[in-house]
Amino acid sequence: MASGRLAPATLKTLVVLTIIAAVVLGVTFGVAIALVRNIESVENFTTFDPALPSRLLDSEGRLITEFASSEKREIVSIKDVPQHLIDALITREDQSFWTHPGFTFKGYFRALVGILTGRNMGGGSTITLQLAGTLYADRTDISFRRKFVELWWALQLERRFSKQEILEMYMNRMIMGPGVYGVEAASKYFFGHSAKDITIAESSILVIQLSSPTRFNPIRNPNVARERSREVLDQMVELGYVTKEAADSSFALYWDNYDYTRVASASYYARDDKAPWFSEYVRRQLEDMLYGSIDLYKDGLTINTTLNLDYQAVADRYMSRYIAQVNREYASSSSKRLAEAEKTYAPMVELLGLAFNLEGIFFQDTKIRAKSMEYYHESINPTVDAIALMLGLEPLKAATNASYGSQKTQMEKNTVEGALITLENETGHIKALVGGSKFDQSNQLIRATQAQLMPGSCFKPLYYSAAIDSRRFTPGTLIYDAPVVFYNEDGTPYIPLNYRGEWKGQVLLWYALAHSMNVPSVKVLDGIGFDAAINRASALLDITDEEQIRRTFPRLYPLALGVIGVSPIGMARAFSVFANQGREVTPIAIRSIEDRSGRPILEPEKDLRAEQKKKGSAIQVVSPQNAYVMTDLLKRVVKEGTLSYPTSSGQSFTQTDPDGKRYTIPAAGKTGTTQNWADAWTVGFTPYMTTAIWFGFDRPGNSLGVSQSGAAIAGIAWSNYMKEIHKGLPFKDFVRPQTGLIDVSVCSVSGLLPTEYCDEGTEDLVYYEGTQPKSYCDLHEFKSDHAESTIRTLASQQDVLGGGRIDSNLDFDSNDLDALLRSLEAAAARYPDSMPPTEDSPTGTEALPPAETTELDAVAPAADDDILD
């Protein structure tokens, strides 16, 4: 075989390898060409599909806010931004941008020297290379491979797009702050306005964010940002982009007016939000609802909600006003108590300290220390903090932060918060929501939905509803209001007291509820039993889990006065059931969710309505008759009870229609004040909406003050708010069932059918058919015909009026009789055998003593868990 000839096997191998190499090379070039051609469809801004924030809309389609979280981005055209922003960008990032083909040898050489010498001489990336790396490479990968990838794509970008288009993509893609992308979003975050209105100084601050958004953040490190932005301005002057006068003037104007106390935060908290508490409530629900590849913060969703921005604006205004007012009143009452303590008890403490040489209890020393700390927190620490921030003194800044932390803890104990929620009765739509004083990073507890608070007497209607259904109690049931001892199942005594320690004697059930009387209410609970009360309350509050029911509702008599933990949204839901003819009401905030193209992807409200329809008659939480009777009872709270003053007996809701005709929208509700005036509530409704309002402390232990009861503060806030949001709504009444109810006029004192002797008036009450009174009042007739003989009978017993015995030989005129009888009413329970028996009636119109109670001769002190209203 000739030496110059290849063996057949070798030749065959070379052919195969050549074919394989050709195929690989062809495929590689084919993929490269395909990818390059895809640049047009991927990066052409007309079809560019960037991450977009999701939009939250109210019930009228108005924008509430946008969710962008860690990638807040807004697209802006390069034609709309001022030239000095473009010049600042070129000056800072790539001064040869307009002339290079996508890279520069000078830049690569500088970067190489920096690597070899270990010195930071700046990167070698041009604007085009940075954009290519952002779009097509992992910029956290520090390797030569990544540099080759960036170079390849930079060349393709330069080939496909003009310099203007590349710069526009760059301006809208790059991160330029904590969670903000692009010049438009960054300008709004840092300066509060669009990039279209950016100044020369602001432009220099914005472009330095590209190299280090954390280090050069003007909010977090203002001094560093100031120095570096000055360098950029000086370079712009050298390059002839701006004059020195213009640069100096803009720089001075910005930094001379800079707010050094501003706190850095993520873009989520800096976003424009017309209802931040509601938005956060919705956001938390969305995180549970969205699944798979759907991203709330990037997919440009449209979330249609139930909120009404007009109602929300009213809620924000009133809650802000009344939270501030309650805090002022609390501070005033606290200072008065401290002044009284200083005047009365401080001398005693000083005397004890001197007598027994007890160091540390001298009042003056303690007072001086307290005053000094207060002055430091309020006056010195903010100044020191600003100086530390301006001069970059990190240890000093840490010390001032610690001071702020201790101050925050103290504020939680002494700051009154508030919450409000409004539900539309028929739909359950959340129309307004306020979760506290101000939503920010340090205050995110949505008290309207998350907080478990004591409702006080607002809880009473929930078990009164069960009492009405028991048919043992009616609105006209006569109950005796006097000191009573109730014994819990474990044998411990419970002694409820009324507000101000007053006793009314015999009262009708409707009156006891309207005036929030405690002893009659506990008697109602005792009369129906814990099981009936708890079952009804849990159904109205929509608590279905047995363990939660057991934890929420203790089988103790303080339950009657609302010594439990419930949320404002739960209380609003319970009352809205009464307004909705007893039908289930499910609070809902999200109606539907659409993708960026407008296609529905979730419809929570549609699903809810389908589920409710399947329930059929089971959707009734209580009967329509029960709901109407309870509504009538709660209307009396507004007309002549604890809400009569805040609402002008309901006249606050009087309006005039376009024809000049006046009408009053009916309203119903209940107030509540907890032990030691710690919480103030009002929950009420009209035929349109139900609103719950609460004021109190996040950390229990303090008192709002005796002047700030549920009626005095929450009631007024509720009345003013409800009055305003009902303006312009046409007249609407509560729906009355056509069967099962009857109206009866009864004696306002006995609850029986009136006679000619019932000179103290009558009441028109609503009864279940068959429970209305059938007997005529004998109380007033008894007073006129038999009063004298009854008093003489009592005269032979121990004196109940206090001061000896009644002389049985006294002569009485009519005025004496009436006066003595009124006095005897308060003590009649001590001598039940001396009073004529009332007619036994299944309607429950007679006084109902509890099964295990003891009447007291004197008012006992309030138990620790007693609730006032």
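In this numbering scheme, every chain counts its residues from 1 along its sequence in written order. Residue-level local features of this predicted model are given only where pLDDT is at least 70; pairs of side-chain atoms are given and counted only at 80 or more, and the full residue set underlies all totals for whole chains, interfaces and linings. Each side-chain value is worked out from all heavy atoms of the structure, with water and hydrogens disregarded.

A. Representation of the overall build of the protein chain. A run of H or I in DSSP counts as a helix once it spans at least four residues, and a run of E counts as a strand once it spans at least two, with each numbered from the N terminus. From N to C terminus, the protein chain includes 28 helices and 22 strands. Between two residues, a contact is recorded if the distance between any of their heavy atoms is within 4.5 Å. Residue pairs in contact within the protein chain that sit at least 24 positions apart in sequence constitute 72% of those at least 6 positions apart. Carbon and sulfur atoms make up 54% of the accessible area of the protein chain, which totals about 41600 Å². Residue-level accessible areas treat just the shown protein chains as cover; the underlying method is Shrake-Rupley with a 1.4 Å probe.

B. Local environment of the sheet that holds strand β17 (residues 668-673). Between any two strands, pairing holds if DSSP finds at least two bridges. Spatially, β8-β7-β19-β18-β17 is the arrangement adopted by the five strands of the open sheet, whose pairing is antiparallel. Unpaired on one side and paired on the other, β8 (430-434) and β17 mark the two borders of the sheet. Averaged over all pairs of adjacent strands, the angle between strand axes in this sheet comes to 5°, irrespective of strand direction. Examined bridge by bridge, strand β18 (residues 680-685) and strand β19 (residues 689-697) share six bridges and lie antiparallel to one another. Residue pairing across strands places Val-683 opposite Ala-692, the latter belonging to β19. Most of the contacts of helix α22 (residues 568-579) go to β18, to which it runs at about 30°, and overall it touches β7 (416-424), β8, β17, β18 and β19. An axis is simply a line fitted to the C-alpha atoms; with a helix, the fit covers only the stretch in contact. Between two such axes, the angle follows the N-to-C directions and lies from 0 to 180 degrees.

C. Structural view of the packing of helix α9 (residues 222-238) against helix α10 (residues 244-256). At a minimum axis distance of 10 Å, the contact between α9 and α10 shows a crossing angle of 165°. Judged on the interaxial angle alone, α10 and α9 are roughly antiparallel. Note that α9 runs across α10; the crossing there is right-handed. Only Lys-244, Ala-247, Asp-248, Phe-251 and Trp-255 of α10 make contact with α9, whose side of the interface consists of Pro-222, Ala-225, Arg-226, Ser-229, Arg-230, Leu-233 and Val-237. Split by residue class, the contact of α9 with α10 holds seven nonpolar, one polar and four charged. Each angle receives one of four descriptions, namely roughly parallel if under 35 degrees, roughly antiparallel if over 145, roughly perpendicular if within 65 to 115, and oblique otherwise. The sense of a crossing depends on the near helix, which, turned anticlockwise from the far helix by less than a right angle, makes the crossing left-handed and, turned clockwise, makes it right-handed. Residue polarity follows a fixed list, in which Ala, Val, Leu, Ile, Met, Phe, Trp, Tyr, Cys and Pro are nonpolar, Asp, Glu, Lys and Arg are charged, and the others, Gly among them, are polar.

D. Here's a closer look at the sheet that holds strand β6 (residues 302-305). Across the sheet, five strands lie side by side as β2-β1-β6-β13-β14; this open sheet has mixed pairing. What marks the edges here is a single partner per strand, and that holds for β2 (63-67) and β14 (600-602). Pairs of neighbouring strands in the sheet enclose a mean axial angle of 25°, with direction left out of account. Here strand β1 (residues 54-57) pairs with β2 via four bridges, running antiparallel. In the sheet register, Leu-56 faces β2, and the bridge partner there is Thr-65. Sitting on the sheet, helix α23 (residues 604-615) is in contact with β13 (590-594) and β14, with an inclination near 130° to β13.

E. Region of the structure containing a nonpolar patch on the surface. Among the surface-exposed residues, Trp-98, Leu-239 and Tyr-241 lie close enough to one another that they form a single nonpolar patch of about 270 Å² accessible area. Relative accessibility decides the category of a residue: with a 1.4 Å probe and only protein chains considered, values under 20% of the type maximum give buried, values over 50% give exposed, and everything between is partly exposed. The exposure class of Leu-239 is partly exposed, given its relative accessible area of 40%. Nonpolar side chains (Val, Leu, Ile, Met, Phe, Trp, Tyr) within 5 Å and like charges within 9 Å form the patches, drawn only from residues with over 30% relative accessible area and no salt bridge. What counts as a salt bridge is simple: a side-chain nitrogen of Lys or Arg found within 4 Å of a carboxyl oxygen of Asp or Glu.

F. Structural view of the environment of Pro-604. Relative to the assigned elements, Pro-604 resides in helix α23. For Pro-604, the contacting residues outside a window of four places in its chain are Met-289, Ile-588, Ile-590, Arg-591 and Ser-592.

G. Representation of the environment of Pro-493. Turning to its location among the elements, Pro-493 is positioned in strand β11 (residues 493-494). Spatially, the C-alpha atom of Pro-493 lies 9.3 Å from that of Tyr-557, the residues being 64 residues apart in sequence. If near-sequence neighbours (up to four positions away) are discounted, Pro-493 is found in contact with Val-485, Phe-486 and Tyr-487.

H. Summary view of unusual backbone geometry. Located in the positive-phi region is Arg-471, a residue other than glycine, with phi close to 65°. By the secondary structure assignment, Arg-471 is in the loop between α17 (460-470) and β9 (478-481). Arg-471 gets classed as partly exposed once you look at its relative accessible area, which sits at 37%. If you check the backbone angles, Gln-581 has positive phi at about 60° while not being a glycine. By secondary structure assignment, the location of Gln-581 is in the loop between α22 and β13.

I. Region of the structure containing the packing of aromatic side chains. Aromatic pairing here means that ring centres of Phe, Tyr or Trp (its six-membered ring) are within 6.5 Å. Orientation follows from the plane angle: under 30 degrees is stacked, over 60 is edge-to-face, and everything else is tilted. One pass over the full model with this rule turns up 19 aromatic pairs. Both rings, one in Phe-190 and one in Phe-191, keep their centres 6.1 Å apart while their planes meet at 45°; by these two values the pair is tilted. Taken individually, Phe-190 and Phe-191 each receive the classification buried, so the pair is uniform in this respect. Judged by centre distance (6.3 Å) and plane angle (20°), the rings of Tyr-318 and Tyr-322 are stacked.

J. Representation of the packing of helix α8 (residues 200-207) against α9 in the model. Following both chains from N to C, one finds α8 and α9 inclined at 115°, their axes separated by 8 Å at the closest point. Accordingly, the angle class assigned to the pair α8 and α9 is roughly perpendicular. Between α8 and α9 lies a crossing of right-handed hand. Between α8 and α9, the contacting residues are Ile-200, Ala-201, Ser-204, Ile-205 and Val-207 on the first element and Ser-229, Val-232 and Leu-233 on the second.

K. Representation of the pattern of salt bridges. A full pass over the atoms with the stated rule returns 27 salt bridges. With a shortest N-O distance of 3.0 Å, Arg-230 and Asp-248 are connected by a salt bridge. Of this pair, Arg-230 sits in helix α9 while Asp-248 sits in helix α10, placing them 18 residues apart in sequence. The residue Arg-636 makes a salt bridge to Asp-632 at a minimum N-O spacing of 3.2 Å.

L. Layout of the confidence of the model for the protein chain. Predictor confidence is given residue by residue as pLDDT, running from a minimum of 0 to a maximum of 100. Per-residue pLDDT for the protein chain averages 78, and the proportion of residues at 70 or more is 68%. The low-confidence segment residues 29-48 (pLDDT under 50) makes 30 contacts with residues lying over four places distant or belonging to another chain. Predicted confidence for residues 796-817 stays below pLDDT 50, and this span has 33 contacts to residues more than four positions away or in other chains.

M. Structural detail: helix α19 (residues 518-528). Most of α19 is tucked away: 10 of the 11 residues are buried. Phi turns positive, to about 90°, at Gly-529, one or two residues after α19.

N. Summary view of the nonpolar core. For this analysis, a nonpolar core means a set of buried residues of the types Ala, Val, Leu, Ile, Met, Phe, Trp, Tyr and Cys, connected via side-chain atoms within 4.5 Å. Phe-553, Phe-695 and Tyr-721 are the most contacted members of the largest nonpolar core, which totals 138 residues. If you tally residues by element for this core, the top one is helix α13 (residues 309-344), at 10 residues. In contact with Tyr-721, not counting residues within four places along its chain, are Tyr-311, Val-314, Ala-315, Tyr-318, Leu-420, Thr-422, Ala-432 and Thr-691. Membership of the second largest hydrophobic core comes to 53 residues, among which are Met-174, Tyr-189, Phe-216 and Ala-247.

O. Up close: α22. Here α22 contains 12 residues, and its C-alpha end-to-end distance of 17 Å stays within 8% of the 16 Å for a straight helix at 1.5 Å per residue. Burial of α22 is extensive: 12 of the 12 residues sit out of reach of the surface. Two residues or fewer past α22, Gln-581 is found with a positive phi of approximately 60°. The length a helix should cover is 1.5 Å for every residue beyond the first.

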